[in-house]
Amino acid sequence: MPAKRRVLRFILGDQLTRRISSLGDIDPEHDIVLMVEVRNEATYVRHHKQKIAFLFAAMRHFAAELDGEGITVAYVRLTDPDNTHSFTGELERAVARYRPDRVVVTEPGEWRVWQMMQDWRETLSATVEIRSDNRFLCPREEFSRWAADRHHLRMETFYRGMRRRTGLLMEAGEPEGGRWNFDAENRKRLPKGHRPPDRIGFQPDALTREVIALVNEEFDGHFGDLAGFSWPVTRTDALAALRHFIDHCLPTFGDFQDAMKTGAPFLYHALLSPALNAGLLTAEEVCRAAERAYREGAAPLNCAEGFIRQILGWREYVRGVYWARMPDYRETNALEAGRDLPWFYWSGETALNCIAQVVADTRAHAYAHHIQRLMVTGNFALIAGLYPAQVEEWYLIVFADAYEWVELPNVHGMVLWADGGVMGSKPYAASGAYIDRMSDYCAGCAYDVKLKSGPDACPFNYLYWNFLIENEDRLVGNQRMAMPYRTLRGMGDTRRAEIRSDAATFLDSLAGQWAHQGVQAESDT
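What comes next concerns the included structure. Nothing here was measured: the structure is a model prediction, and the numbers come from that model.

### Description of the pattern of salt bridges
For the coordinates displayed, the defined rule picks out 39 salt bridges. The salt bridge partner of Glu-41 is Arg-112, with a shortest N-O separation of 2.5 Å. Of the two residues, Glu-41 sits in helix α1 (residues 39-43) while Arg-112 sits in helix α4 (residues 111-123), which places them 71 residues apart along the sequence. Here Glu-41 matches Arg-112 in class, with each residue buried. Between Glu-107 and Arg-140 there is a salt bridge, with the nearest N and O atoms lying 3.2 Å from each other. In this pair, Glu-107 sits in the loop between β4 (102-106) and α4 while Arg-140 sits in helix α5 (residues 140-147), placing the two residues 33 residues apart along the sequence. Its relative accessible area of 4% is what places Glu-107 among the buried residues. Here the salt bridges do not stand alone but share partners, grouping Arg-9, Asp-25, Asp-31, Arg-102, Glu-129 and Arg-131 into one network.

Below, the structure written as structure tokens:
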């Protein structure tokens with residue numbers, strides 16, 4: 001009987017689940033799992049220190065779990081003397097050392113790594129098998145078929161199809177409660193004096209502390225702080241975080257999911273996206289947990305549906321958009337925005353209290369919730385006309401849950417409308433009134449949100465109208481923009497000139513503070 005051929009199974013740092021497709025048929029007696037910490041992946045953009053620490057710690061714990069099963073793991077640490085610091089270099093070394101007949105990988109989350117994998121098929125001496133990522137509920141190919149003949153890819157249409165397909169919150173073929181979407185009920189401002197629940201955190205163990213020390217030493221110049229690191233880095237801890245959210249936060253999550261509060265960056269949000277995107281949790285299990293809470297009477301329907309829509313709808317949808325539209329998608333700039341990213345996106349040193357609060361929270365936690373990302377830092381980037389590639393790079397750098405497949409469509413399409421409406425039917429532009437309504441940020445601001453013009457007025461107010469003026473030729477025909485453009489048409493020439501002057505004065509005041517510092521680093525490509 002011929003000897004069984006050896007298989008090398010390459011696990012990427014965001015594929016940390018025993019159920020990943022590349023491990024589905026592993027033979028512990030003969031196969032080897034390759035895992036690598038490489039500098040190129042930590043520096044192709046200068047990722048937040050907490051993201052690097054989270055992934056390296058989660059990788060080391062996952063490797064230890066595989067080893068506990070009797071699986072041979074070839075693990076390359078960042079400081080190993082022979083480390084080539086690239087996926088390709090480490091895979092070539094492993095193939096030369098172990099001489100496998102096959103290399104098995106699961107498709108990656110980012111286009112640049114997908115290109116690497118195509119090269120591996122040409123250059124490695126072993127056959128390379130690329131398997132679909134079975135953690136997602138909608139395969140890439142299926143979404144591409146759905147999107148093929150559509151210019152506008154609306155999430156709501158996709159979401160309803162996914163509800164029917166999975167049966168989540170469905171009853172006899174109809175949506176639970178007779179409605180697909182309870183978003184209108186999920187826009188409440190936090191009452192004065194309201195105290196959100198204390199959030200579960202995870203004290204770093206010895207292995208994680210070792211990684212934190214490594215990151216502090218090797219990536220000292222990267223954005224972010226490590227002092228408050230408390231992310232779950234094992235599946236056991238990730239499941240505990242899921243239970244905590246379902247029990248203590250989901251019952252109120254829907255009501256206040258759009259609210260913002262000074263000194264309370266987490267509120268009722270799940271904080272599960274880093275674990276979910278790295279593989280410690282699966283999309284289906286978190287959605288089923290929320291559905292079960294609703295059916296058991298532990299969470300109201302608007303809260304369960306609002307959460308499930310973020311995972312089953314939005315998360316699956318943005319991944320589909322990314323793979324259906326890449327690589328050309330990132331090159332579009334429908335509004336021809338071209339101003340540089342201001343330095344306060346990194347420093348937080350700005351009189352705009354809302355931005356200062358969000359940047360400070362992001363530096364401390366590698367996290368901001370979706371409304372902070374969309375309607376504060378994102379809204380400013382949109383109405384100030386910031387260059388899409390620089391804004392997208394910032395979002396990719398600063399958040400622990402950021403990977404290009406999820407970051408790029410969210411920022412390029414949803415935040416900046418740079419895709420010209422592929423994702424969103426209109427730009428999500430807003431004045432300071434929205435931030436004032438949904439937060440307490442304006443009360444502590446040097447600017448007055450009630451003023452529309454002049455040096456003391458909230459810059460969001462005149463930048464919003466300036467944005468409409470600058471993009472009038474492009475947006476005036478958009479039906480969803482009809483109301484603000486009717487208001488704009490009612491303004492006289494004097495008022496329009498005042499708006500333009502205030503906007504120009506503010507934007508000119510940022511001269512010398514523009515912040516794009518060449519943070520793009522060398523990558524494997």
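### Quick notes on the packing of α5 against helix α11 (residues 301-325)
Interhelical geometry of α5 versus α11 gives an angle of 75° and a closest axis separation of 9 Å. Here α11 runs roughly perpendicular to α5, going by the angle between their axes. On α11, the residues that touch Arg-140, Phe-143, Ser-144 and Ala-147 of α5 are Tyr-317, Arg-319, Gly-320, Val-321, Trp-323, Ala-324 and Arg-325. Among the residues forming the contact of α5 with α11, the class breakdown is 6 nonpolar, 2 polar and 3 charged.

### Focus: the environment of His-370
Tracing the chain through its elements places His-370 in helix α14 (residues 370-383). Owing to a relative accessible area of 30%, His-370 belongs among the partly exposed residues under this scheme. Measuring from C-alpha to C-alpha, the distance between His-370 and Trp-314 comes to 11 Å, with 56 residues separating the pair along the chain. Contact partners of His-370, with chain neighbours within four places excluded, come to Gln-257, Asp-258, His-269 and Gln-310.

### Let's talk about the sheet that holds strand β5 (residues 127-131)
With parallel pairing, the 5 strands of this open sheet are ordered in space as β3-β2-β1-β4-β5. Either end of the sheet is taken by a strand with one partner, and the two such strands are β3 (72-76) and β5. Geometrically, the sheet is characterised by an average inter-axis angle of 25° between neighbouring strands, direction not taken into account. Here strand β1 (residues 7-10) runs beside strand β2 (residues 32-36); their pairing, made up of 3 bridges, is parallel. Bridge pairing in β2 links Leu-8 to Ile-32.

So, how was this worked out
- Residues numbered from 1 in each chain as written.
- Predicted model: local features only at pLDDT ≥ 70, side-chain atom pairs only at ≥ 80, totals over all residues.
- Heavy atoms only, no water.
- Salt bridge = Lys/Arg side-chain N within 4 Å of Asp/Glu carboxyl O.
- Helix = DSSP H or I, 4+ residues; strand = E, 2+ residues; numbered from the N terminus.
- Buried < 20%, exposed > 50% of the residue type's maximum accessible area, 1.4 Å probe, protein only.
- Axes fitted to C-alpha atoms, helices over the stretch in contact; angles between N-to-C directions.
- Parallel < 35°, antiparallel > 145°, perpendicular 65-115°, else oblique.
- Contact = heavy atoms within 4.5 Å.
- Nonpolar A, V, L, I, M, F, W, Y, C, P; charged D, E, K, R; others polar.
- Pairing = 2+ DSSP bridges.

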